[in-house]
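Take a look at the letters that make up each chain.
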Amino acid sequence: MDALFAKADAIRPHKRRKFNDDGSHAKEYTGKKEVELDSTAKSVLRHTSLPKSLRPGSPPPNEAKKYSHISDKKLRAELSRQSAHSARSKVLLQDASFLLEHEESGTMEVEGELERTWRVGQDEIVESAGQEAAKGRREWKLDGGPYRSRYTRNGRHLAIVGLKGHVATFDWQTGTLHSELQLRETCRDITFLHDQSHFAVAQSKYVFIYDRDGVELHRLKSHIEPTRLEFLPYHWLLVSVGRTGYLKYQDTSTGQILTEHRTRLGACTTMTQNLHNAVIHLGHQNGTVTLWTPNLPHPAVRLLAHLGPVVSVSVDPSTGGRYMATAGHDSTVKVWDCRNWKGAVRQWTTRGGSTELEWGQKGVLAVASGGSVNVYNKPTIQQFFAGTTSPPLYMTHPIPHRPLTSVRFCPFQDVLTIGHSNGLSSILVPGSGEPNFDSSEADPFENKRVRREREVKGLLDKVQPDMITLDPEFVGSMAPPTKLTTDVNSKPNIPFARLPRQHRLKLQGRADETEEVSEEEGGGEGEEGKAARKEEEEKKRMRGKNKAMKRYLRKQRKNVIDPKAVALREKLQKEGEQRKKARDAAKGIQEDRLPSALDRFRT
């Protein structure tokens, strides 16, 4: 049996067996007592574990109830176990709530009142950070600038594009290069699609889609002269806006153009998406910001944000898309509350002309202007302030290479990547990244099998574009009870087809109830009210009859006498007189007429 165990386990002992002169096994001296070498026991012991009931457990907390008054041992043990488990769960819940309540965890803190966090440089942050976190501080010197960058949803892969045509995608943590292209034409923007296996580039004429190895897959000719790209991950929609002023949605799962909107506001170079409701925010040259959805031909919201062109727009993902930051050529940065649009919550001025904005996962706002990047923290940038004073600065970093063309926070990392004319720079911003990630949504450590399963699951759970609205909370909510009813003259449950026309219009929401007047109001309005209402009805009756074509047709038939029309007019006049006489006779009213000589013969 021992030989069978040893052969089945296929694990050899670490040391060769030693034999004495008489052929017996040698014994190992341990200092306390002699232990016989048994390879079979050692190999079986590695794969053997004690039952849970015999394992040493942690003592129950002091808050756990004791059931010493119960005589039944089995019941007493079960109740004690449940009580200890409940007490441990409460302790863990208190620890978790303590960590979640402190939103400023992970940020820099100063010791004295006179010290400031913005005085701390990147060298000090790198020295105090861990070895893995310090890898985020990097400098990429490239020649095809100025550069723009984009991260994947899990923050593992980075795509960069230069204005002169240099495109590259790589794993920035390990330094593994996926693809590198020299397109030799103007490239304005880049974005990943559903994952790092595909990415889209906005080139001089059209949008091109490449795979992970840099092989060109599609050329989207319907996207003409694109300037900015966005991808909606839950709807699988590639959105582009260009110099022609058209906003276009294309379904990447089917390859069809979903819709295209004409903004009528000229060329657009600023676009971002609200991760909470998938609404597209556009900034235009006349200072307006518009919000678009694929199911509305006009903007859902139109906001006059700046006195000059809007150069950057960003939405805060930490508050569910409640706050939006805009920057314009008028050297101002404004924070707006997307729930009421009643004015800027806070605004301040910047130096250096063009400005780039980006919100982090924890509500940190990065403002790149001139030759420096300033970072502001909550809650000062979200609190109302009437003046134009800049909010308290959290961190700053100078960059001598102008212009600064893009700023991107890395998801789930405290890293901010700045694109400029000389390449890219990554700096550490403590407390900007979300420390806890959902592996079913975005897993930084996913392998090939998990990525494939997530891609299939994303296609099956694809959200229809009709669900994109400003308020996504209406999905799944109950409709309010209607105030209208189908009861007519105390007769309930009348079929819709048999209802009077006015009631059908009310149920459909198309009835004009502004002109309705009750009998009491109509009876007491007097002659002046009746005359005014009659004049209003005459105006409505003549509505549309003063058009050019109507006037022309009236002139054409002005001197034409149609016998049929004359006969029909006389017939209608006679019928009207007969009806009037019948109504007067029913009411007992005698018509006034002149006396005649034949009246004496009337009986």
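Procedures and definitions
Residues numbered from 1 in each chain as written. Predicted model: local features only at pLDDT ≥ 70, side-chain atom pairs only at ≥ 80, totals over all residues. Heavy atoms only, no water. Helix = DSSP H or I, 4+ residues; strand = E, 2+ residues; numbered from the N terminus. Buried < 20%, exposed > 50% of the residue type's maximum accessible area, 1.4 Å probe, protein only. Contact = heavy atoms within 4.5 Å. Pairing = 2+ DSSP bridges. Expected span 1.5 Å × (residues − 1). Patch = residues over 30% accessible without salt bridge, like charges linked within 9 Å, V, L, I, M, F, W, Y side chains within 5 Å. Areas by Shrake-Rupley, 256 points an atom, 1.4 Å probe, with all protein chains shown as cover. Salt bridge = Lys/Arg side-chain N within 4 Å of Asp/Glu carboxyl O. Lys, Arg positive; Asp, Glu negative; His and termini not counted. Charge placed at Lys NZ, Arg CZ, Asp CG, Glu CD. Axes fitted to C-alpha atoms, helices over the stretch in contact; angles between N-to-C directions. Polar contact = N/O pair within 3.5 Å; in protein donor to acceptor, adjacent residues only side chain to side chain. pLDDT = per-residue confidence, 0-100. Phe/Tyr/Trp six-rings, centres within 6.5 Å; stacked < 30°, edge-to-face > 60°.

Structural notes on the overall build of the chain
For step 1, the next point in the chain: Across its full length, the chain holds 10 helices and 30 strands.
For step 2, the next point in the chain: Classification of the 603 residues of the chain by burial places 35% in the buried group.
For step 3, the next point in the chain: The contacts of the chain with a sequence gap of at least 6 include a subset with a gap of at least 24, amounting to 45%.

As for the pairing of strand β19 (residues 301–304)
For step 1, the next point in the chain: Going residue by residue along β19, you find Val301 and Leu303 tucked away on one face and Arg302 and Leu304 left uncovered on the opposite face.
For step 2, the next point in the chain: Bridge count for strand β18 (residues 288–292) against β19 is four bridges, and the pairing is antiparallel. Looking at β19, one finds that Thr288 is bridged to Leu304.

Some thoughts on helix α10 (residues 563–587)
Residues lying three or four places apart along an α-helix face the same way, a consequence of the helix completing one turn every 3.6 residues.
For step 1, the next point in the chain: Taking 1.5 Å of rise per residue, 25 residues should cover 36 Å, and α10 covers 37 Å from first to last C-alpha, within 8% of that figure.
For step 2, the next point in the chain: At the exit of α10 stands Gly588, carrying a positive phi of roughly 80°.

A closer look at a nonpolar patch on the surface
For step 1, the next point in the chain: Together, Met467, Phe474 and Val475 line one region of the surface with nonpolar side chains, adding up to about 250 Å² of accessible area.
For step 2, the next point in the chain: Its place among the elements puts Phe474 in the loop between α5 (448–460) and α6 (501–508).

As for the pairing of strand β24 (residues 355–359)
For step 1, the next point in the chain: Of all five residues that make up β24, five are buried, and the element is covered over most of its length.
For step 2, the next point in the chain: Residue alternation in β24 divides its side chains into two sets, Thr355, Leu357 and Trp359 and Glu356 and Glu358, and both sets are buried.
For step 3, the next point in the chain: Connecting β24 to the antiparallel partner strand β25 (residues 365–369) that follows it, the hairpin turn spans five residues, and Gly363 within it adopts a positive phi of roughly 85°.

Focus: a positive patch on the surface
For step 1, the next point in the chain: Together, Lys547, Lys550, Arg551 and Arg554 make up a positively charged patch on the protein surface.
For step 2, the next point in the chain: Owing to a relative accessible area of 37%, Arg551 belongs among the partly exposed residues under this scheme.

A few points about the environment of Gly321
For step 1, the next point in the chain: Counting through the fold element by element, Gly321 comes out in the loop between β20 (310–315) and β21 (323–328).
For step 2, the next point in the chain: Residues Gly321 and His276 lie 45 residues apart in sequence; the distance between their C-alpha atoms is 5.6 Å.
For step 3, the next point in the chain: If near-sequence neighbours (up to four positions away) are discounted, Gly321 is found in contact with Asn274, His276, Val315, Asp316 and Cys338.

Overview of the sheet that holds strand β14 (residues 246–251)
For step 1, the next point in the chain: With antiparallel pairing, the four strands of this open sheet are ordered in space as β12-β13-β14-β15. The sheet is open, and its two borders are formed by β12 (226–232) and β15 (257–262), each paired with just one other strand. Across the sheet, the axes of successive neighbouring strands diverge by a mean angle of 15°, strand direction being ignored.
For step 2, the next point in the chain: When β12 meets strand β13 (residues 237–242), the two strands line up antiparallel, connected through six bridges. Its bridge partner being in β13, Arg228 is matched across the sheet by Val241.

Section: the side chain of Ser425
For step 1, the next point in the chain: Here Ser425 shows up in strand β30 (residues 423–428).
For step 2, the next point in the chain: Taking relative accessible area as the criterion, Ser425 reaches 2% and is therefore assigned buried.
For step 3, the next point in the chain: Of the polar contacts made by the side chain of Ser425, one reaches the side chain of Glu139; its length is 2.6 Å.
For step 4, the next point in the chain: Sequence-distant contacts of Ser425, defined by excluding residues within four places in its chain, comprise Arg138, Glu139, Ile399, Leu416, Thr417, Ile418 and His420.

Side note on the confidence of the model for the chain
For step 1, the next point in the chain: Summarising the model, the chain shows a mean pLDDT of 84, and 81% of its residues fall at 70 or more.
For step 2, the next point in the chain: Note on residues 4–11: pLDDT under 50 across the span, and nine contacts to partners over four residues away in sequence or across chains.
For step 3, the next point in the chain: This stretch, residues 28–35, has a pLDDT under 50; its non-local contacts, to residues over four places away or in other chains, come to six contacts.

Overview of the pattern of salt bridges
For step 1, the next point in the chain: Enumeration over the complete set of coordinates arrives at 18 salt bridges.
For step 2, the next point in the chain: A salt bridge links Asp189 to Arg150; the nearest nitrogen and oxygen atoms lie 3.5 Å apart. Highlighted residues: Asp189 in strand β8 (residues 187–192) and Arg150 in strand β4 (residues 147–151), separated in sequence by 39 residues.
For step 3, the next point in the chain: Taking the shortest distance from any N to any O, the salt bridge between Lys362 and Glu434 comes out at 3.8 Å.

Side note on the packing of aromatic side chains
The geometry of an aromatic ring pair comes down to the distance between the two centres and the angle between the two planes.
For step 1, the next point in the chain: With the rule as written, the count across this model stands at six aromatic pairs.
For step 2, the next point in the chain: Note on Phe412 and Phe437: the rings are 6.0 Å apart at their centroids and 70° apart in plane angle, and the pair reads as edge-to-face. Of the two residues, Phe412 sits in the loop between β28 (406–409) and β29 (415–420) while Phe437 sits in the loop between β30 and α5, which places them 25 residues apart along the sequence.
For step 3, the next point in the chain: Taking the relative accessible area as the measure of exposure, Phe437 reaches 34% and is therefore partly exposed.
For step 4, the next point in the chain: Linked through ring pairs, Phe199, Phe208 and Tyr210 together constitute an aromatic cluster.

Observations concerning the sheet that holds strand β11 (residues 216–220)
For step 1, the next point in the chain: The antiparallel open sheet is built from four strands, whose spatial order is β8-β9-β10-β11. Looking along the sheet, the strands with just one partner apiece sit at the ends: β8 and β11. The sheet shows a mean angle of 20° between the axes of neighbouring strands, taken without regard to direction.
For step 2, the next point in the chain: Bridging between strand β9 (residues 198–203) and strand β10 (residues 207–211) involves five bridges; their strand directions are antiparallel. Its bridge partner lying in β10, Val201 is registered against Phe208.

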